[in-house]
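Chain and residue survey
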Amino acid sequence: MKVGIYNALMGAQISRRRMLQGATALSAMAALPMTARMASAQDNIRAEILKIPGVGMGSPTDADWQKVGEMCLGATKASVAEGEFAGVELTFMGLNNQNLHNFLFRGFLTPWEAYTGAKINWIDLAQADYNSRLQQSIATGTVDFDIIEMGAPFEGDTAGKGLLDEMPDWVSAQIDESDLVGYLQPPVGTWNGKKYRITIDGDCHTFAYRKDYFGEGAIGGAEVPKTWQDVNAVSKALIGKTDPLTGLPAHGYLDPLKGWGGFGMYFIANRATAYVKHPDDPAWLFDPDTMKPRVNNPGWVQAIQDVMDLIAAGAYPADQINADPGTTAFSQFLAGTGSMLMWWGDVGSSARTSDTSVVGDVAGFGINPGSTRRYNSAAGAWEETANEAPLMAYIGWGIYVTSRVSGDEKKRKAAWSAAAHLGGKDLSLWTAAYPSGFQPYRNSHFDYAEWEAAGYDRAYVEDYLSSNADSYNHPNAAIEPRIPGIFQYYSVAEDELSKGFAGQYASAQETADAIAAAWEKITDQIGRESQIALYKASLGM
Amino acid sequence: MSVMSGADHLHIVTSDDISPGRVRAGKLLIWGSAALMVVIALVQLGQSLGWWNAGFTTWRPTLYAYCLWATAVCWAQVLIRGEQGKRTLFVLPAALFVISLTVFPLLFGLIIAFSSWNLSSPDGRQFNGVANLVQMWNDPFYWNAMGNMVWYVLVIIVEYAIAFGLALLLNSQIRARKFFRVAFLLPLMLSPVAVSWMVGKSMLEARFGPISRLARALGVDNPSFFESPWMAKATIMILDAWTFIPFMMIMLLAGLQSIPKELTEAAKVDGAKGWKAFWEITFPLMLPVSVTAILIRIIFKLKLADIVINVTSGGPGGATDTVTSFIFREYRERSNVGYGTMLAMVYLVLIVIFMTILMKWAARYARPQT
């Protein structure tokens, strides 16, 4: 769980009584007859690890991470003999964001190292240094790590270039892959039919709205908007009205109009997926056969036009042209400006806990708005059919093993065993429930009774988790292309969109055409044929 | 000349009696080590071009050969030229070090600049001739940023006027002069990144920022600092000026304090006061310092990037973009190493030409007019 979300849930706890209820339930379980306890040994591990250090008992420490690692070692012990990897040294490259990620992995793997005899060396990177370090390693042929924590968008840069080791079958069995939520199932994590990824995280954008704007007699109308058409209509209708909470001017949807190092692209894509992600077609940014950009097709142009319409109508707060997604979420929505927003899970959590948030009691959540019509790229025409397509922005972190170990069977088994330990089903429940930097990503994480027994407030957990679960398992979830240089495409699109939103292009179509032209250049530079092959591989075609 | 000649015994510690054999040994040392370096470099080059496999895994052997050659050259100076060679040794190692740290990277940079090298491309670096230059010529983002730089540089005139005013103020007999000197210097001590966040993102926040509130209190309906292109450009200029005016001010203040008292007093006696004294005496005397301050400020300004990257990312629509912030996006966000390097190289050349002309001009017109 991300730190902010954990704090939010802590802030949402009703009282200590609630925790005592959970504790009582666990004590009652402990008092069950021996047979029943043995039968539920697995459940017990899950319940027991959730007691470390205990929900609301302060931030977990290295001792806690080691304890959890030790308790979740069962699967490793079943597949590896004690001391089997003596003499093996592995290098692990990952992040050190918020003192999480690698810090947790160290703790989780300490008991694994003690049992197997292997030794792990660590490369810790700040998020901002991650991309350049990885790209330079790849470009200069100096991959100096055996295990890597990596986001799925980089699979094109690594798996696509043969730098990763294929996952052995015993690993998929050990980590119970069938438990992963819908969108994290293959083809995510696979290339040309081969598996490479142990998922340890999930990502998606969800819809946050102000409950006090919507309902009988509320200024935004009786219903919460369900489509982007509604979102725009409400945003325009709110012009000139007063925010019920702050008494300042009311605003509707908050589009970030400024780039954010490529990440801003996810936000225009939230609008576009509703129009262009067709259920019959996994692709929505490029044509897989030609890599011809779809970003200037009528669906995408409509998404850009929607934003331009709101700019022209004056529906945004002042200076919105200089607002990036950090601004829309933390300086605007949480501070009481605007009524609708798309973001990752952090917003839901910060709403309750952040000192600067004033919307904690009036924030509601849902999935990405849909559209009353959709564009069919294959037919080249609009279809008057309703469409929904939540965007799995960034897809989530995974653990991968590099091909450095492929030639040494002992080292290879050791690397995969370490990775599988981190991606284990029980251990993942703990990372979902405590500050870890990772979101829930397995169906088993959405068993609310488990959370309640651990001491969480069920109502808030359900509210927060269900919008994620509904997005993850949506049959028409939009998954971004896992091709090399995907963030280059996003970054250049931000530059062109910025010009379009500032009125430097004559129309939305012209803006979209400029993006498409820039994308064609990138594709040609990286290599069209290889991009086509890799895109198809990433789509599982 | 006499110092350099062997006849000046004052400066000769040992008498040089260099035998032809010693000279030959020295020359052999130089040419031998040079030949070794060339051979190793060629072998390695051949391997990297795929002509043969000499078993090298890195370029370190060439580096070691260069170090050996550099040492041999230094040693040979003493062998060939004796005492004179020892004198050369005071400078030569440093010169070789500097050359290796500037010339080689520059050459390598040029190779990259004439390549198509996208870090995501499976083909790696590919020589592409002048394609990057052509792309640059047709790149509206680059020329837009270049146009912005003209405005950013022009505004230095205003910055200079303000800095001069402040320096005059701090040079006069005012109360709490020491306090103001330190206080005016504070913005210079702040990191531009901190200024970006504190001022650009927080204080100028359109709704809750204190400056916006002040503007609203003063009757501005909907204050916004980044909405229109010119407003955004002006805001960035002010933020940058606020940080760097103290720098010009402190240089000008030092200049003011070095003006001989007799001159100003003589002017007073002659009846020059106020504006006349400033325009006829102070300003001309300050011209050399002023030119230096402005030239250094221009160099700083041409590198402007941090505030832009943090506050506006170059927007709205490229209105605040600088060449450096554009190169940053091209290089870092788009991993477009070849093109980014070419943009930087061209910018370097333009800066060198521009600064050379400016310095020539300054030397001609800005001599002290006393």
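Please read these numbers as outputs of a predicted model, since none were measured by experiment.

Before going further, it helps to examine the overall build of chain B. The helix and strand tally for chain B stands at 16 helices and two strands. Since a compact globule built from 370 residues should have a radius of gyration of about 21 Å, the 29 Å found for chain B marks it as more spread out than a globular shape. With 370 residues in all, chain B has 42% of them scored as buried. Across chain B, every contact between residues at least 6 apart in sequence was considered, and the portion connecting residues at least 24 apart equals 66%. Here chain B has roughly 20900 Å² of accessible surface; of this, 72% comes from carbon and sulfur atoms. Each charge sign in chain B was given a centre, from 30 positive and 19 negative side chains, and these centres are 3 Å apart.

All names here are of chain A. With respect to topology, five strands assemble into an open sheet ordered S2-S1-S3-S12-S6, the strand pairing being mixed. The open sheet terminates on both sides in strands that have one partner only, identified here as strand S2 (119–125) and strand S6 (198–199). Relative to strand S3 (residues 147–151), strand S1 (residues 89–95) runs parallel, the two being bridged by two bridges. Residue pairing in the sheet places Met93 in a bridge with Ile148 of S3.

It should be kept in mind that the predicted coordinates are not to be read in detail where pLDDT is low. Mean pLDDT for chain A: 88, with 91% of residues reaching 70 or above. In the predicted structure, residues 14–39 of chain A sits below a pLDDT of 50 and forms 19 contacts with residues beyond four places in sequence or in another chain.

Another point: the interface of chain B and chain A. If you look at the interface, chain B gives 37 residues, while chain A gives 42 residues. Summed over both sides, the interface of chain B with chain A buries roughly 3000 Å², with 45% coming from carbon and sulfur. Sorting the residues of chain B by area buried against chain A places Ser120(B), Arg207(B) and Arg334(B) first, and these three jointly supply 21% of that buried surface. In this assembly, chain B and chain A are joined by three salt bridges. With a shortest N-O distance of 2.6 Å, Arg334(B) and Asp495(A) are connected by a salt bridge. Linking chain B with chain A are 24 residue pairs in polar contact (both at pLDDT 80 or more). Contributing elements (two or more residues each) for the side of chain B that touches chain A: helix H6 (140–154), helix H14 (306–311) and helix H15 (323–333) of chain B. At four residues, H15(B) tops the list of elements feeding residues into the side of chain B that touches chain A. Of the residues belonging to the side of chain B that touches chain A, the class tally is 14 nonpolar, 15 polar and eight charged.

All names here are of chain B. For the pair helix H7 (residues 156–171) and helix H13 (residues 274–302), interaxial distance at closest approach is 10 Å and the crossing angle is 130°. In terms of orientation, H7 lies oblique with respect to H13. Pair H7 / H13 crosses with right-handed handedness. Of the residues in H13, those in contact with Ile156, Glu159, Tyr160, Phe164 and Leu168 of H7 are Phe278, Phe283, Met286, Ser290, Ile294, Arg297, Ile298 and Lys301. Here the contact of H7 with H13 is composed, by residue class, of nine nonpolar, one polar and three charged.

Before going further, it helps to examine the packing of aromatic side chains. Taken as a whole and assessed by the stated rule, the structure comprises 54 aromatic pairs over all chains. Directly above the ring of Phe141(B) sits Lys499(A), whose terminal nitrogen or CZ lies 4.5 Å from the centroid.

Conventions and cut-offs
- Residues numbered from 1 in each chain as written.
- Chains lettered and ligands numbered in written order.
- Predicted model: local features only at pLDDT ≥ 70, side-chain atom pairs only at ≥ 80, totals over all residues.
- Heavy atoms only, no water.
- Helix = DSSP H or I, 4+ residues; strand = E, 2+ residues; numbered from the N terminus.
- Rg over C-alpha atoms; globule rule 2.2 N^0.38 Å.
- Buried < 20%, exposed > 50% of the residue type's maximum accessible area, 1.4 Å probe, protein only.
- Contact = heavy atoms within 4.5 Å.
- Areas by Shrake-Rupley, 256 points an atom, 1.4 Å probe, with all protein chains shown as cover.
- Lys, Arg positive; Asp, Glu negative; His and termini not counted.
- Charge placed at Lys NZ, Arg CZ, Asp CG, Glu CD.
- Pairing = 2+ DSSP bridges.
- pLDDT = per-residue confidence, 0-100.
- Buried area = accessible area lost by both parts, 1.4 Å probe.
- Salt bridge = Lys/Arg side-chain N within 4 Å of Asp/Glu carboxyl O.
- Polar contact = N/O pair within 3.5 Å; in protein donor to acceptor, adjacent residues only side chain to side chain.
- Nonpolar A, V, L, I, M, F, W, Y, C, P; charged D, E, K, R; others polar.
- Axes fitted to C-alpha atoms, helices over the stretch in contact; angles between N-to-C directions.
- Parallel < 35°, antiparallel > 145°, perpendicular 65-115°, else oblique.
- Left-handed = near helix turned anticlockwise from the far one by under 90°.
- Phe/Tyr/Trp six-rings, centres within 6.5 Å; stacked < 30°, edge-to-face > 60°.
- Lys NZ or Arg CZ within 6 Å of the ring centre and 35° of its normal.

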